[in-house]
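Tertiary structure, described
One letter stands for each residue in the lines below.
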Amino acid sequence: MNDKLWTKNFIIDILINFLLYVIFYQLMLWSTKFAIITWHASISKAGLASGIFIIGALSARVITGHVIDVMGRKRLLLAGAGLYLVILPLYFTVSSLTGFFLIRCLHGAAYGITATAASTIIGVIVPAQRRGEGIGYYALGNTLASAIGPFLGITLCNSGNYFLNLYVCLCLAVVTFLLSVAIHAPEHTCTYAEKTALKQIRIDSFLSIRTLPISFISLLCGIGYSTVLSFIGAYTDTLGLLIAGSLFFLTYAVTSCFSRPLIGCFMDHHGGDVVMYPTLLIMALCMTTLGLASTNAVFAFGGILLGLSYSTISSAGQALAIHGIPEQQIGLATSTFFIFLDLGVGIGPYLLGFLVPAYGFSSVYFSAAFIAFVSLPLYYLLIGKSGVFSYKQMNAVRHQEQNKHTTWSIQK
């Protein structure tokens with residue numbers, strides 16, 4: 001079986017993912033400021049511009065995961081990237097806050113379609129025996145975008161011309177669409193039974209049941225990550241640490257760049273359990289560290305811990321989510337994993353944010369640490385106990401996939 005990783009399609013998909021997330025992060029910051037400046041919206045209403053985008057994305061992920069392996073991976077990638085581009089000019093025409101929310105929701109749906117399609121394609125084109133490493137490199141696009149997107153958003157907004165962000169995003173969206181045209185995505189030939197099943201409305205038509213355990217673990221970790229996205233800036237401000245937030249995200253980004261491919265490669269050779277147990281423990285230690293933090297150095301150390309934990313969960317977790325999944329169901333499994341991960345990021349601030357007025361920001365991170373600690377025994381009960389992600393069982397599944405691929409190639 002061919003185990004070549006750095007193919008043309010692999011590189012193109014990494015670029016698509018990177019540009020998709022640059023636009024995502026850039027407009028997340030821009031949308032809040034734009035709503036406040038243009039319609040004098042309150043902070044809470046302006047924040048809905050981000051929340052409603054996630055709602056649109058989650059809705060699209062559910063539907064895309066249901067149909068992608070039947071309708072075609074590249075077809076949906078092109079449809080999503082096209083919509084992602086076409087919706088951008090609508091921001092110039094919006095005349096009310098309600099209309100702005102509607103466009104944000106539609107744009108979120110386009111993002112959800114594109115992100116699910118791109119993630120499904122990467123799961124198909126990466127060799128099974130190098131899936132952890134390959135998805136680790138793919139996920140680096142998210143890490144780099146999380147630094148570049150907000151930087152562009154802040155810099156361009158500071159110029160006073162809020163439409164500059166849209167012009168830049170339009171250019172990036174055009175490149176994303178052209179790359180989507182250029183990529184070759186292996187497709188699944190649907191049987192009559194699969195087309196018939198598409199019309200059935202059942203829970204396993206929209207969610208991969210086999211992927212639910214690792215997806216639920218990712219939801220819990222997403223809650224912890226959401227506290228960083230939502231509160232780290234305000235938290236460091238209350239402590240009078242003006243550069244702590246920047247240091248935190250810098251150390252997080254740098255650590256993620258090294259940890260994702262290396263840990264992914266380690267998982268390929270040693271199994272998922274030996275990666276996930278320490279990763280979940282480090283996630284809990286990260287949240288505890290942030291709850292106790294009072295200096296710039298401690299926040300920087302917290303960023304390192306987050307880079308070793310959450311970045312691993314989001315990339316290695318995706319590789320585990322599609323491990324042993326039939327090729328025609330990889331899209332559904334990918335969608336299920338990211339639905340739960342995004343849901344955790346979305347509900348986290350609402351679940352834990354109410355603690356701030358009474359107990360301060362540190363209580364949010366101690367609560368997130370508790371959730372991360374709880375995920376350790378839950379992982380054992382839901383996953384580890386069965387040994388499904390032990391090296392022995394994972395290697396056996398890979399050999400079966402390799403034999404099937406070899407038999408198919410000979411018959412062809």
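Residues numbered from 1 in each chain as written. Predicted model: local features only at pLDDT ≥ 70, side-chain atom pairs only at ≥ 80, totals over all residues. Heavy atoms only, no water.

A closer look at the side chain of Asp-342
Residue position: Asp-342 is located in helix α14 (residues 330–352). Classification of Asp-342 as buried rests on a relative accessible area of 16%. When sequence neighbours within four positions are dropped, the list of residues in contact with Asp-342 reads Leu-58 and Arg-61. (Helix = DSSP H or I, 4+ residues; strand = E, 2+ residues; numbered from the N terminus. Buried < 20%, exposed > 50% of the residue type's maximum accessible area, 1.4 Å probe, protein only. Contact = heavy atoms within 4.5 Å.)

Brief notes about helix α16 (residues 361–382)
Helix length check: α16 (22 residues) gives 31 Å between terminal C-alpha atoms against 32 Å at 1.5 Å per residue, within 8%. Along its length, α16 shows its largest kink, about 25°, at Leu-376, and proline Pro-377 lies within four residues downstream of that point. Phe-361, Ser-363, Val-364, Tyr-365, Ala-368, Ala-369, Ile-371, Ala-372, Ser-375, Leu-376 and Tyr-379 are the residues of α16 that are buried. Its buried side turned inward, α16 meets α10 (212–238), α12 (273–292), α14 and α15 (356–359). (Expected span 1.5 Å × (residues − 1). Bend = angle between axes of the 7 residues up to and from the residue.)

Comments concerning the packing of aromatic side chains
What the rule picks out here adds up to 28 aromatic pairs. Aromatic pair Trp-30 and Phe-34: ring centres 4.7 Å apart, planes at 20°, arrangement stacked. In this pair, Trp-30 and Phe-34 are both assigned in helix α1 (residues 8–39), four residues apart and thus about one turn of the helix distant. As far as the burial class goes, Trp-30 and Phe-34 line up, both buried. On the basis of an interplanar angle of 40° and a centroid distance of 6.3 Å, the ring pair of Tyr-225 and Tyr-252 is categorised as tilted. Placement of the pair is Tyr-225 in helix α10 and Tyr-252 in helix α11 (residues 244–270), with a sequence separation of 27 residues. Tyr-252 gets classed as buried once you look at its relative accessible area, which sits at 5%. Taken together, Trp-30, Phe-34, Trp-39, Tyr-91, Phe-92, Phe-100, Phe-163 and Tyr-167 form an aromatic cluster joined through their ring pairs. (Phe/Tyr/Trp six-rings, centres within 6.5 Å; stacked < 30°, edge-to-face > 60°.)

Considering a nonpolar patch on the surface
Where nonpolar side chains cluster on the molecular surface, the patch consists of Phe-216, Tyr-380, Leu-381 and Leu-382 and spans about 380 Å² of accessible area. Per element, the largest residue contribution to the nonpolar patch is three residues, and it comes from α16. The partly exposed category is assigned to Leu-382, whose relative accessible area is 41%. (Patch = residues over 30% accessible without salt bridge, like charges linked within 9 Å, V, L, I, M, F, W, Y side chains within 5 Å. Areas by Shrake-Rupley, 256 points an atom, 1.4 Å probe, with all protein chains shown as cover. Salt bridge = Lys/Arg side-chain N within 4 Å of Asp/Glu carboxyl O.)

Some details on the pattern of salt bridges
One pass over the structure, following the stated rule, counts four salt bridges. Between Glu-327 and Arg-73 there is a salt bridge, with its nearest N and O atoms 2.9 Å apart. Of this pair, Glu-327 sits in the loop between α13 (296–321) and α14 while Arg-73 is found in helix α3 (residues 73–87), placing the two residues 254 residues apart along the sequence. Of the residues examined, Glu-327 reaches a relative accessible area of 33% and is grouped as partly exposed. For Arg-73, a relative accessible area of 1% translates into the label buried. Across the salt bridge formed by Asp-268 and Arg-398, the nearest N and O atoms sit 3.9 Å from each other. One end of the pair, Asp-268, is in helix α11; the other, Arg-398, is in helix α17 (residues 391–411), with 130 residues separating them in the sequence.

Digging into the environment of Ala-372
Along the chain, Ala-372 turns up in helix α16. In the structure, Ala-372 is positioned 155 residues away from Ile-217 in sequence and 9.0 Å away in space, judged by C-alpha atoms. If we skip the residues at most four places from it in the chain, Ala-372 touches Leu-280, Met-283 and Ala-284.

Brief notes about the environment of Ser-362
In this structure, Ser-362 sits in helix α16. It is 7.3 Å that separates the C-alpha atoms of Ser-362 and Leu-290, two residues lying 72 residues apart in sequence. In this structure, Ser-362 is in contact with Tyr-235 and Gly-291, ignoring residues within four places of it in sequence.

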